[in-house]
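Notes for the structure review
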Amino acid sequence: MEFRTAGDPDEEDIVYTDLSPQDLSERLTKMGTPVGRDAIAQWLDDAGIRRRQIRKDIPGGEHPDRDCQFERIAELVSQYEIAGEPWFSIDTKAKEHLGLLYRKGRVRGNRSFEAFDHDFPSWADGVLIPHGIFDPKANLGHINLGLSHDTSEFACESFRRFWNTFGHRRYPDAKSILLTCDGGGSNSASKYIFKYDLERLSDSIGLPIRIAHYPPYCSKYNPIERRFFPHVGRACSGMLFDCLDTAVSLMRRARTRTGLRTTVAVIKRMFETGRNATKEMKNNLRIVYDDLLPKWNYVANPQT
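Each value, and the rule that gives it
- Residues numbered from 1 in each chain as written.
- Predicted model: local features only at pLDDT ≥ 70, side-chain atom pairs only at ≥ 80, totals over all residues.
- Heavy atoms only, no water.
- Helix = DSSP H or I, 4+ residues; strand = E, 2+ residues; numbered from the N terminus.
- Rg over C-alpha atoms; globule rule 2.2 N^0.38 Å.
- Buried < 20%, exposed > 50% of the residue type's maximum accessible area, 1.4 Å probe, protein only.
- Contact = heavy atoms within 4.5 Å.
- Areas by Shrake-Rupley, 256 points an atom, 1.4 Å probe, with all protein chains shown as cover.
- Lys, Arg positive; Asp, Glu negative; His and termini not counted.
- Charge placed at Lys NZ, Arg CZ, Asp CG, Glu CD.
- Patch = residues over 30% accessible without salt bridge, like charges linked within 9 Å, V, L, I, M, F, W, Y side chains within 5 Å.
- Salt bridge = Lys/Arg side-chain N within 4 Å of Asp/Glu carboxyl O.
- Polar contact = N/O pair within 3.5 Å; in protein donor to acceptor, adjacent residues only side chain to side chain.
- Axes fitted to C-alpha atoms, helices over the stretch in contact; angles between N-to-C directions.
- Parallel < 35°, antiparallel > 145°, perpendicular 65-115°, else oblique.
- Left-handed = near helix turned anticlockwise from the far one by under 90°.
- Nonpolar A, V, L, I, M, F, W, Y, C, P; charged D, E, K, R; others polar.
- Phe/Tyr/Trp six-rings, centres within 6.5 Å; stacked < 30°, edge-to-face > 60°.
- Lys NZ or Arg CZ within 6 Å of the ring centre and 35° of its normal.

Of regular secondary structure, the chain possesses 9 helices and 11 strands. Relative to the compact-globule value of 19 Å for 304 residues, the chain shows a C-alpha radius of gyration of 24 Å, a clear excess of over 25%. Dimensions of the chain, computed from the C-alpha atoms along their principal axes, are close to 85 × 45 × 40 Å. Out of the 304 residues in the chain, the part that is buried amounts to 40%. In the chain, of all internal contacts separated by at least 6 residues, the share reaching a separation of at least 24 is 70%. Carbon together with sulfur atoms contributes 49% to the accessible area of the chain, which is approximately 18200 Å² in total. Here the chain contributes 44 positively and 42 negatively charged side chains, and the mean placements of these two sets differ by 6 Å.

By the element assignment, Val288 lies in strand β10 (residues 288–289). Taking the C-alpha atoms as reference, Val288 lies 54 Å from Ile49; in sequence the two are 239 residues apart. Beyond its immediate stretch of four places on either side in the chain, Val288 contacts Tyr298, Val299 and Asn301.

Bringing a nonpolar patch on the surface into the picture now. Taken together, the side chains of Leu100, Phe116, Phe120 and Trp123 define a hydrophobic patch exposed on the protein surface, amounting to about 360 Å² of accessible area. Following the sequence through the fold, Leu100 ends up in the loop between β4 (96–98) and β5 (126–135). According to the relative accessible area criterion, Leu100 is partly exposed, its value standing at 39%.

Turning next to the side chain of Ser188. Tracing the backbone shows Ser188 in the loop between β7 (177–181) and α5 (192–205). Within the structure, Ser188 has its side chain in polar contact with the side chain of Ser190 (distance 3.1 Å). Setting aside its immediate chain neighbours within four residues, Ser188 contacts Gly183, Phe194 and His213.

What follows deals with the packing of helix α4 (residues 152–170) against α5. Orientation of α4 relative to α5, taken along the N-to-C sense of each, is 20°, at an axis distance of 9 Å. Considered as vectors, α4 and α5 are oriented roughly parallel to each other. In this structure, the crossing between α4 and α5 has a hand that is right-handed. Of the residues in α5, those in contact with Ser152, Glu153, Cys156, Phe159, Arg160, Trp163 and Asn164 of α4 are Ile193, Phe194, Asp197, Leu198, Leu201, Ser204 and Ile205. Looking at the contact of α4 with α5 residue by residue, the classes come out as 8 nonpolar, 3 polar and 3 charged.

One pass over the structure, following the stated rule, counts 15 aromatic pairs. Taking the centre distance of 6.0 Å and the plane angle of 10° together, the rings of Phe134 and Phe228 count as stacked. Residue Phe134 is found in strand β5, and its partner Phe228 is found in the loop between α6 (223–227) and α7 (229–236); the two are separated by 94 residues along the sequence. An identical accessibility class is assigned to Phe134 and Phe228; each is buried. One cation-aromatic arrangement involves Lys295 over Trp296; the distance from NZ or CZ to the ring centre is 4.7 Å.

Quick look at the environment of Arg227 now. Mapped onto the secondary structure, Arg227 falls in helix α6. In this structure the C-alpha to C-alpha distance between Arg227 and Ala247, which are 20 residues apart in sequence, comes to 20 Å. Once residues lying within four places of it in the same chain are set aside, the contact partners of Arg227 are Phe134, Pro136, Asn139 and Leu260. Looking at Arg227, its side chain comes within polar contact range of the main-chain oxygen of Pro136, at 3.5 Å.

Right, dumping it as structure tokens:
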């Protein structure tokens, strides 16, 4: 392996090779020292040289207010927990296709599932937009499956249905709600239309809703990304979403030994794309912005 082994000049403890155990076995046999590939595989494993995939750990950038906003989010979470008020981590998972389209992962079985030989979206029977709501205090997750588009109206409608079905029963004395989310997508920090829809949500449930956005490049630190979505992905890994009922059933299986449980519902309503806030909407917003980093921290108060 001397000439087929390399390392990272910046991290001397990272070593890798492009030779497989079979390659090494054949080379050693030609050199007069026959060793089976299984033995070599075990030696490599003992040395910590295993098959590994690339990890997306390097941040694409760093905002100058990053640390300040992390401290602010920690402060808000602490305040809400001490006061006994609810806080939730929200986000939308990647869009899924319904039908016989390939999905990554493996599952035990006596034969493989069969899917189309190409992943053309036009061959799908529909799309699924999974919007997740994670309650870190209760260690409970909920997914609303949308059937149209990931819009700010959809995200707010998803939380409204969750709150009216589960949230208000779990927190009957709530006086305010904290939502942590990333700064893009359907809950974009820079879009007035999200703030407009957020006010409609606050009016609907009759409670102030405080928003705390994670800084750019930091959405992976949102608790839902680390404590809920990976378990949903594991429950669905290698399975076909051949129909809506199958997808719902699979996602409901997401659970852990530490108590995580998952509920799933379907939102069949269609949501319009391309909505933008009008001048009137912007002028009539009642959003109350914080003095500290107002672009990421603000509250929507109900009219009544």
